[in-house]
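Chain and residue survey
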Amino acid sequence: MEKHLKKNLLNEKCKKICVATVVSATLFSSGISTTEAKTSINNIPIDKVAHAGISYIITDQLQRNVGMNRFWASFTTIGIGAIRELTHRGWDGKDFVADVAGVALYQLSGKF
């Protein structure tokens, strides 16, 4: 019985990881480009706000639903951001900084 329960819990974690991966991939590859449409919030393009927000959400979900600790959730999210920048029309350091800022905001918010 205990072995069956552990297997179910592992399957649930795998499902959550898959869902988080699919959602992230969909959001990142959706073709939504806001570099031309700069809606300014204190002169910060909406693209940067979106990068920070998505990184915040991914870190949150990796910690809360997947069960990663703070370090690995942050490391994984920053890795996703770096891979996205490397594979998306060349490196944009400002987008990557926004990704890191989203992770930092989550870690500083204390919501874990």
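Okay, so let's go over this structure. (Residues numbered from 1 in each chain as written. Predicted model: local features only at pLDDT ≥ 70, side-chain atom pairs only at ≥ 80, totals over all residues. Heavy atoms only, no water.)

A tally of helices and strands in the protein yields four helices and two strands. Counting helices and strands in the order they occur from the N terminus, the protein gives α-β-β-α-α-α. The buried share of the protein, taken over its 112 residues, is 25%. Considering only contacts in the protein between residues 6 or more positions apart, those separated by 24 or more positions represent 58%. (Helix = DSSP H or I, 4+ residues; strand = E, 2+ residues; numbered from the N terminus. Buried < 20%, exposed > 50% of the residue type's maximum accessible area, 1.4 Å probe, protein only. Contact = heavy atoms within 4.5 Å.)

Quick look at the packing of aromatic side chains now. The relation between two aromatic rings is expressed through the spacing of the ring centres and the mutual angle of the planes. Per the stated rule, a full pass over the model turns up five aromatic pairs. Between Trp72 and Phe75, the aromatic rings sit 5.4 Å apart at their centres with planes inclined by 85°, giving edge-to-face as the arrangement. Residue Trp72 and its partner Phe75 are both found in helix α3 (residues 70-87); the two are separated by three residues, about one turn of the helix. Centre to centre, the rings of Trp91 and Phe96 are 5.1 Å apart; their planes meet at 45°, and the pair counts as tilted. (Phe/Tyr/Trp six-rings, centres within 6.5 Å; stacked < 30°, edge-to-face > 60°.)

Counted by the stated rule, this structure contains four salt bridges. Between Asp47 and Lys48 there is a salt bridge; the shortest N-O distance is 3.2 Å. The class for Asp47 is buried, based on a relative accessible area of 10%. Notably, a salt bridge pairs Lys48 with Asp92, separated by 3.5 Å at the nearest N-O pair. (Salt bridge = Lys/Arg side-chain N within 4 Å of Asp/Glu carboxyl O.)

On to the packing of helix α2 (residues 46-64) against helix α4 (residues 93-109), then. The description of two packed helices rests on the angle between their axes and on the distance between the axes. Their axes nearest at 7 Å, the elements α2 and α4 cross at an angle of 45°. Comparing the axis directions of α2 and α4 gives the class oblique. Note that α2 runs across α4; the crossing there is right-handed. Counting all contacts with α2, which are made through Asp47, Lys48, His51, Ala52, Ser55, Tyr56, Thr59, Asp60, Gln63 and Arg64, the residues of α4 involved are Lys94, Asp95, Ala98, Asp99, Gly102, Val103, Leu105, Tyr106, Gln107 and Ser109. The residue makeup of the contact of α2 with α4, split by class, is six nonpolar, seven polar and seven charged. (Axes fitted to C-alpha atoms, helices over the stretch in contact; angles between N-to-C directions. Parallel < 35°, antiparallel > 145°, perpendicular 65-115°, else oblique. Left-handed = near helix turned anticlockwise from the far one by under 90°. Nonpolar A, V, L, I, M, F, W, Y, C, P; charged D, E, K, R; others polar.)

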